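Each chain, written out:
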Amino acid sequence: MLSRALGILMMSAPFAMALAAMPPSPPTYGVRIENTWIPMSDGIRLAATLYLPTTLAPGERYPALLEYLPYRKDDDEAVRDFGTHAYFAKRGFVGARVDIRGFGMSEGSPPDREYSAQEQQDAEEVIAWLAHQSWSNGNVGMLGISWGGFNSIQMALRKPPALKAILAVDATDELFKEDVHYMDGIFHVDEFELTMDLDQGRTGAPDFTLDESAIGPRMNSPPWSLVFMKHQRDGVFWRSPVRPIETLQVPTFLIGGLQDGYRDSIPRMLDKVKAPLKAWIGPWNHGFPNDSDYGPLFEWRDQAVRWFDYWLKGRDTGVLGDPKVIVYQQHWHAPGSQSQDVPGEWRAENSWPPAGAATTVLYFQSEHRLSFSKTEDGLDQLRNIPSTGVEAGFWWGELLTDQRPVDAYSLLYDSPALTEDIAILGIPRVSMQVTADAPLADWFVRLSDVAPDGSVTMVTGAGINGAQRDSLANPKDLVPGARYPLSVDLHLASWVFPAGHRIRIAVSNALWPMNWPTPYPLTTSIAYGGKAPSLVNLPRVALHGLAPAPFAAPEPIEKPADIEQIGAGAWPGSWTVLRDEVNQRSTVTWQGSAAVSYPWGRFDHSERLIYEIDDAHPEQASVQGDSEYIQIVKNHILTWRGRLDVVSNAHTFFYKYTRTLLKDGAVIKTKTWEEPIPRDHQ
C-alpha cells in the first residue's frame, strides 16, 4: 500500500521525497490580502479574495487552496474566511476564496440550482487560473465545509489536472436522500432554503449596487426551493451533477461529525473509493472540529497543513502512515441538546469496517421486547399520529432531549438490561415485515439507549418512504393490507451501551416537522417471528481500539479587526411547540437572528419558520417561512425580504414564494412565484 501511494504522489507532484517524515510547514510568513477577478470563458468575472504569504523568496512558489462558495466572502463569511485562510497563508499556501457566479461580488446570474453544471464548469476554469499564476507551483487543493465540501468532492470526481488533493468536511455525494431537501427520500423544508432563496437576490458588498443589470437577474432568478419541489424522486436531476463515487482518484481527507446529518458519506467512501483516503470522525455537529457546539474540540487546520503539505508541496509529513480512520467512540450521556462535551475515547482503525467487527442480531418479539434469539410469530399495530416527532429534531444530527415523548407514539422494542457493555461502530440495519392500510406510508426507526432511570438518549435513526421501498427513482404505491419487507440502514453510529442499560428500537410513521407527513390517516403493523423475522443488526466492535496520536487543542482564531459579530448567530435559534389538544392541531415555530457590524454599516438578519399540522387531516400540513436582511450602507437602508408558503392537500403541494427589496422602507422590486405541484409519492 505504501509503495502504491508513493507512486501516486510521484505522478501527481514532481517533488523529491524525503527519507523521513517532516513536521508540517510552520507559520513563517506574513499575510497579504488581495481582491481580484478571475475571468471565465464566457466573459463573466468571478470575485476572488487571495490570502497570500508575504516575504516571498526569489523563485519561491506556493500551492493554492481553493474554497468555492455562494456564501458571500466580503460580508457574511468574512470573519470565518479570515480565520481559516490566514492560517494557511502563514504556512506557505495561497488561500483563494471565490464566490460562485451570481452571488456576492461575482458577476452573472445565479445558477438554476445547487451544484449546477455551470458552477462546476466555472470551478475548472478557476482551478486552471490558480495553477497558472506567477506565484503558483502549479498545484491546487480544495477544501470546505458543507457546500465547500460537497463541491470539493464533485470537482475531484471531474479530475481537473491541477487539482491534486481535497479536504471535505461535513459533506456528501448523495444529493437526493442525504441533502436538506428530501431527508431519507422524504420531503423536508429547511431554514437553509429560506437563506438561499433570499441570497439569490442580493448584490455584493460593500456597494450593494441597485443597477438593473446586476440586481435584475438576481431578484428575478427562480427560487431553488421551487426547483427542488418539482423533483420528488431520485434520478437524472439529482445524479447528473455528481459522477460515481467509485471513480474518485484524487487523494481525499474527510472530516465528519457524529452529530452531523451528512456523516454517512464517510463509511460509503471508505468502502468504495480506491484513491488515497483518510477520515477523521468526531463527536461534532455541523461545524469544524475546533468550533462545533459539542466537544471535545480539537484543532483541524494543522491536520489540513500536514495533508496538503504532502500532496501539494511534496513534504513527507507522515500522512501515509496515519490510520485510515480515526473515530470517536461515544459513551453514554444523558439526553440533552445543550452545548456539551460528549464522553468517549478515540480509536484508530486501519480498515473499514473495523477489524474484528461482527454483527449482533436482536429480534423483535412479543410484549415489545428485543431478544438475542428468535421468537414466536406475532403482530403489533400502530395508529399513526402525524404530529409525532418534534423531540427527534430537525434532521439526523444534533444532540436531542429525552425521547420519551416521541416514544409514546411509537412501537417500542427493548432488550433486557445488558449484562455487559456493548460497543457499536458503523451502520445499524433494521429489517421489518410491515403492512399499512393506506397507499402511502413512511416508517422512521430510532435506536436509543434507555438508562436505568428511564431516560432515553437517541443514538441514531433513519426513515424510509414506503413507496420507495424498492427504488428511490421509481416509487410505487403500497397495496393496503399487503405485507412488505423493509430494510432501513440507520445513519452512522458510534456508541457504548453500558451494562444495566437497555437497547431500544422505536418505530413511528411520522417524524414531524423533520419530514412532511403522508396525506392519509393510517394504521400500520409490524410482524415478527417466522421465516423472515423483524430484527436489528448492530455493528459490534471491541470496547477499545488502538489509541491514535493525540490531537492538538484548538489554536486561537484570528479575526479581522474591523468586523464585529453581535450575538451568537441565527442557528440553532429557538424552538417552541404549541399543541391544541381539543382540535388535535400542533404548531412548531423556529426563529433565529444575527447581526454584524462592518466598516461600511451594519447587517441584521432574522428568520422564522412556522410548521402546522392537523392530526385528523395530515394532508393539510403547511409551513410558512420568513427571512429578512437589513443592510445599513452609506446613507440608506436596504431591506431584502423573502416569504415562503407551502401547503398541501392529498394530491398537490401549493407553492408560493415572494422576494422583495426595499430602499429606505419603499418597495423598489418584488417578484412572486406561485404554482401547484403534484405530490409524487410524498
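Residues numbered from 1 in each chain as written. Predicted model: local features only at pLDDT ≥ 70, side-chain atom pairs only at ≥ 80, totals over all residues. Heavy atoms only, no water.

**Student:** Give me the lowdown on the sheet that holds strand S3 (residues 62–69), citing residues and values where you can.
**Tutor:** Reading across from one edge, S1-S2-S4-S3-S5-S6-S9-S10-S12-S14 is the order of the 10 strands in this open sheet, with mixed pairing throughout. Strands at the two margins of the open sheet, each flanked by one partner only, are strand S1 (31–39) and strand S14 (344–349). Neighbour-to-neighbour, the strand axes of this sheet turn through a mean angle of 20°, independent of strand direction. With 9 bridges connecting them, S1 and strand S2 (residues 45–53) associate as antiparallel partners. Each bridged residue has a counterpart across the sheet, and for Thr36 the counterpart in S2 is Ala48. (Pairing = 2+ DSSP bridges. Helix = DSSP H or I, 4+ residues; strand = E, 2+ residues; numbered from the N terminus. Axes fitted to C-alpha atoms, helices over the stretch in contact; angles between N-to-C directions.)

**Student:** Which residues make up the packing of helix H3 (residues 117–131) against helix H4 (residues 147–158), and what values go with them?
**Tutor:** Between H3 and H4, the least distance of the axes is 11 Å, while the angle of their chain directions is 75°. By the angle between their directions, the pair H3 and H4 is classed as roughly perpendicular. In this structure, H3 uses Glu119, Gln120, Gln121, Ala123, Glu124 and Ile127 to contact H4, whose residues at the interface are Trp147, Asn151, Gln154, Met155 and Arg158. A per-class count over the contact of H3 with H4 returns 4 nonpolar, 4 polar and 3 charged. (Parallel < 35°, antiparallel > 145°, perpendicular 65-115°, else oblique. Contact = heavy atoms within 4.5 Å. Nonpolar A, V, L, I, M, F, W, Y, C, P; charged D, E, K, R; others polar.)

**Student:** Give me the lowdown on the nonpolar core, citing residues and values where you can.
**Tutor:** Counting 153 residues, the largest nonpolar core has Leu66, Leu130, Trp280 and Phe308 as the members making the most contacts within it. Here this core gets 7 residues from one element, more than from any other, and that element is helix H10 (residues 301–313). Counting residues in hydrophobic clusters, the runner-up holds 37 residues, among them Ala436, Leu490, Leu522 and Tyr528. (Core = buried A, V, L, I, M, F, W, Y, C linked by side-chain atoms within 4.5 Å. Buried < 20%, exposed > 50% of the residue type's maximum accessible area, 1.4 Å probe, protein only.)

**Student:** Account for the environment of His681, with residues named and values stated.
**Tutor:** Looking at the element boundaries, His681 is found in the segment after strand S35 (666–678). Between the alpha carbons of His681 and Gly466 there is a distance of 9.0 Å; along the sequence they are 215 residues apart. Apart from residues no more than four positions distant in its own chain, His681 is found in contact with Arg233, Leu440, Asn465, Ala467, Pro475, Lys476 and Asp477. At 3.3 Å, the side chain of His681 and the side chain of Asp477 are in polar contact. A polar side-chain atom of His681 sits 2.9 Å from a polar atom in the side chain of Asp680. (Polar contact = N/O pair within 3.5 Å; in protein donor to acceptor, adjacent residues only side chain to side chain.)

**Student:** Now, about the packing of helix H2 (residues 78–89) against H10: what can you tell me, with residues and values included?
**Tutor:** In contact at an axis separation of 11 Å, H2 and H10 are set at 45° when each is read in the N-to-C sense. Comparing the axis directions of H2 and H10 gives the class oblique. Both H2 and H10 take part in a crossing whose hand is right-handed. Taking contact as the criterion, the partners of Gly83, Tyr87 and Phe88 in H2 are, on H10, Arg301, Asp302, Ala304 and Val305. Classifying every residue of the contact of H2 with H10 by side-chain character gives 4 nonpolar, 1 polar and 2 charged. (Left-handed = near helix turned anticlockwise from the far one by under 90°.)

**Student:** Describe the layout of surface pockets, and please don't skip the residues or the numbers.
**Tutor:** Here the second largest pocket defines a volume of roughly 960 Å³. Of the residues belonging to the lining of the second largest pocket, the class tally is 15 nonpolar, 9 polar and 12 charged. (1 Å grid on protein atoms, 1.4 Å probe; cavity = no way out; pocket = protein on both sides within 12 Å on 5 of 7 lines; lining within 4 Å. Points joined across faces, edges and corners; volume = space filled by probe spheres on them.)

**Student:** Any details on the pairing of strand S34 (residues 652–663)? Residues and values, ideally.
**Tutor:** Remark: a regular strand shows side chains that alternate across the two faces of the sheet. Counting buried positions over the 12 residues of S34 gives 9, a clear majority of the element. Bridge analysis of strand S33 (residues 636–648) against S34 gives 11 bridges, and the strand direction is antiparallel. Pairing of Asp645 across the sheet is with Lys656, part of S34. Taking the residues that link successive antiparallel strands as the turn, the S33-S34 hairpin has 3 residues. As defined by bridge partners, S34 adjoins S35 across 12 bridges and the pair is classed as antiparallel. Bridged to Thr660 within S35 is Thr670. Linking two consecutive strands that pair antiparallel, namely S34 and S35, is a turn of 2 residues; a positive phi of about 50° is found at Asp664 within it.

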